Amino acid sequence: MTDAPKGTLRALRSYVEDESFAKFAALDGLRFKTWRARKGEWFEGSYVFVSDAARSAFQDSFEKVAADSAGSKIIGSAPVTIEAYEVVAVVRGPAGFRSSASFEHDKRDDD
């Protein structure tokens, strides 16, 4: 996102809340997805699947369309890296997971 236009992070937040969240909430084999961003630097999705086979199937299909995905179009460039990794463990803390795409952020951080 280093060369993305002003307002890109705001547009990505809206896209995640309005479209992407529901899409991934219904993806077979997905345990969870986390969307992360650092304003003016990067935006990413981290996925945890039930098995390596489920992850591999998703990764293979996504790599074919990644450059034309909605997130890439909003940012103005294709993903820099798509890589598999091993999840050693996940712990759910006392606060739990948020079950919707709605989130709070500091309005002063809007780009």
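Residues numbered from 1 in each chain as written. Predicted model: local features only at pLDDT ≥ 70, side-chain atom pairs only at ≥ 80, totals over all residues. Heavy atoms only, no water.

Draft legend 1. Highlighting helix H2 (residues 52-65). Across its 14 residues, H2 extends 20 Å between first and last C-alpha, which sits within 8% of the 20 Å expected from 1.5 Å per residue. Of all the positions in H2, only Ala54, Arg55, Phe58 and Gln59 are classed as buried. Looking straight down H2, one finds its buried side chains confined to an arc of 125°; they lie on one side. Seen from the buried face of H2, the exposed residues on the opposite side, beyond 90 degrees, are Asp52, Ala53 and Lys64. Elements that come into contact with the buried residues of H2 comprise helix H1 (8-25) and strand S2 (42-49). (Helix = DSSP H or I, 4+ residues; strand = E, 2+ residues; numbered from the N terminus. Expected span 1.5 Å × (residues − 1). Buried < 20%, exposed > 50% of the residue type's maximum accessible area, 1.4 Å probe, protein only. Arc of directions from axis to C-beta. Contact = heavy atoms within 4.5 Å.)

Draft legend 2. How the structure looks around the pairing of strand S1 (residues 30-38). In the sheet, S1 pairs with S2 via 8 bridges, with the strands oriented antiparallel. Paired with Lys33 across the bridge in S2 is Tyr47. (Pairing = 2+ DSSP bridges.)

Draft legend 3. Expanded view of the pattern of salt bridges. Counted under the stated rule, the structure contains 3 salt bridges. For the salt bridge of Glu44 with Arg36, the shortest nitrogen-to-oxygen distance reads 2.5 Å. Accessibility expressed as a relative area gives 27% for Glu44, which makes it partly exposed. Among the residues examined, Arg36 registers a relative accessible area of 41% and is labelled partly exposed. A salt bridge links Arg38 to Glu41, with the nearest nitrogen and oxygen atoms 3.9 Å apart. Judged by relative accessible area, which is 46%, Arg38 ranks as partly exposed. A relative accessible area of 40% means that Glu41 is categorised as partly exposed. (Salt bridge = Lys/Arg side-chain N within 4 Å of Asp/Glu carboxyl O.)

Draft legend 4. Fine view of H1. At Val16, H1 is deflected by roughly 50°, the largest bend along its length. Along H1, the residues classified as buried are Thr8, Leu9, Leu12, Arg13, Tyr15, Val16, Ser20 and Phe24. Against S1, S2, H2 and helix H3 (70-75) lie the buried residues of H1. (Bend = angle between axes of the 7 residues up to and from the residue.)

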